[in-house]
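This is what each chain is made of:
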Amino acid sequence: ACMLCRRAEADPDICGHKLEKQGLCAHEFCLFFANNLRQQRLEELGLLGFLPEDIRRTVDWAAQKHCFVCGESGATITCREMSCERSFHLPCAVEGGCVTQFLFQYRSFCWEHCPEQAVKAAPEANTTCLICLEAVGNKKSYGTMVCPACKHAWFHRGCIQGQAVRDGIACFRCPLCRDRDAFPSEMLTMGIRIPFRLPSRDSHADEALRARHSRCDASGCLCPGGRERADEEGPWELLLCSSCAAEGTHRQCCSLSSSAASWECDSC
């Protein structure tokens, strides 16, 4: 079992790989998030640069800390909010509604002090996750998230976490509008781990299926530039169906006003 979370098995998307060396055993990210545990410049030392004596000292310190989620001792992570004393194990973070930011500071927050998405949006009735196609509920929550760019792409936290691990930072983007600026940044802030590596083989295999639709499907396309023309704004801006994203239309071709933020195809 991992010395820090005391779990033999844990979600690798959250905890990373389990490392074993010199009688030590710990999950990769249990090491990075543990309070007062510092990595040395030489990663060859100990476990990824975390010294054996420092790991054991952290384990002894955490023996007095109880996880507010599962109630067991050995909680090595404490909420970053200065006035908060809630501690937890990394594998308990999701169940407890905690946010762990996989950035270079590796900050952690309990359910009360974790960041929330600022975008003002709520899913329409019967909205489904774009990844698993199951219902997402009727509001943003810890387990239900929305793209900050298009505000129409809804998904479950677990689903977008899996997508992030498959894509890697080079290819991770909104499943609907394909935004690669605001979307990855917000997901990192909200606690989604995005590996800094090339996409996995599975991600490459799915790329054709996930490619953004890029033509107008109106029965009588009016655009002088043809169905493939897609301006960023104006009458020839291409809107994709807010439900399936498999069909598109120019604003002019479906008489949509410049203020219309979404459109649904006839099938949906």
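Since we're looking at a predicted model, the values are computed, not measured.

(A) Structural detail: the state of the cysteines. If you walk through the whole model with that rule in mind, you get zero disulfides. You can see Cys 114 has no disulfide; the closest cysteine sulfur is in Cys 110, sitting 7.2 Å from it. Note on Cys 159: no disulfide assigned, nearest cysteine sulfur contributed by Cys 132 at a separation of 3.8 Å.

(B) Spatial organisation of unusual backbone geometry. Notably, Arg 178 is not glycine yet its phi reads approximately 70 degrees, a positive angle. Relative to the helices and strands, Arg 178 resides in the loop between helix H4 (157-167) and helix H5 (182-189). Its relative accessible area of 13% is what places Arg 178 among the buried residues.

(C) Local environment of the pattern of salt bridges. In this structure the tally under the stated criterion is six salt bridges. Linking Arg 57 and Asp 54 is a salt bridge whose minimum nitrogen-to-oxygen distance equals 2.7 Å. Residue Arg 57 and its partner Asp 54 are both found in helix H3 (residues 52-62); the two are separated by three residues, about one turn of the helix. Here Arg 251 makes a salt bridge to Glu 237, at a shortest N to O gap of 2.8 Å. With Arg 251 in the segment after strand E10 (248-250) and Glu 237 in the loop between helix H6 (201-210) and strand E9 (238-240), this residue pair connects regions lying 14 residues apart in the sequence. With relative accessibility at 7%, the residue Arg 251 sits in the buried group. If you follow the salt bridges from partner to partner, you end up with Arg 215, Asp 217 and Glu 228 in one network.

About the cut-offs
Residues numbered from 1 in each chain as written. Predicted model: local features only at pLDDT ≥ 70, side-chain atom pairs only at ≥ 80, totals over all residues. Heavy atoms only, no water. Disulfide = S-S within 2.5 Å. Helix = DSSP H or I, 4+ residues; strand = E, 2+ residues; numbered from the N terminus. Buried < 20%, exposed > 50% of the residue type's maximum accessible area, 1.4 Å probe, protein only. Salt bridge = Lys/Arg side-chain N within 4 Å of Asp/Glu carboxyl O.

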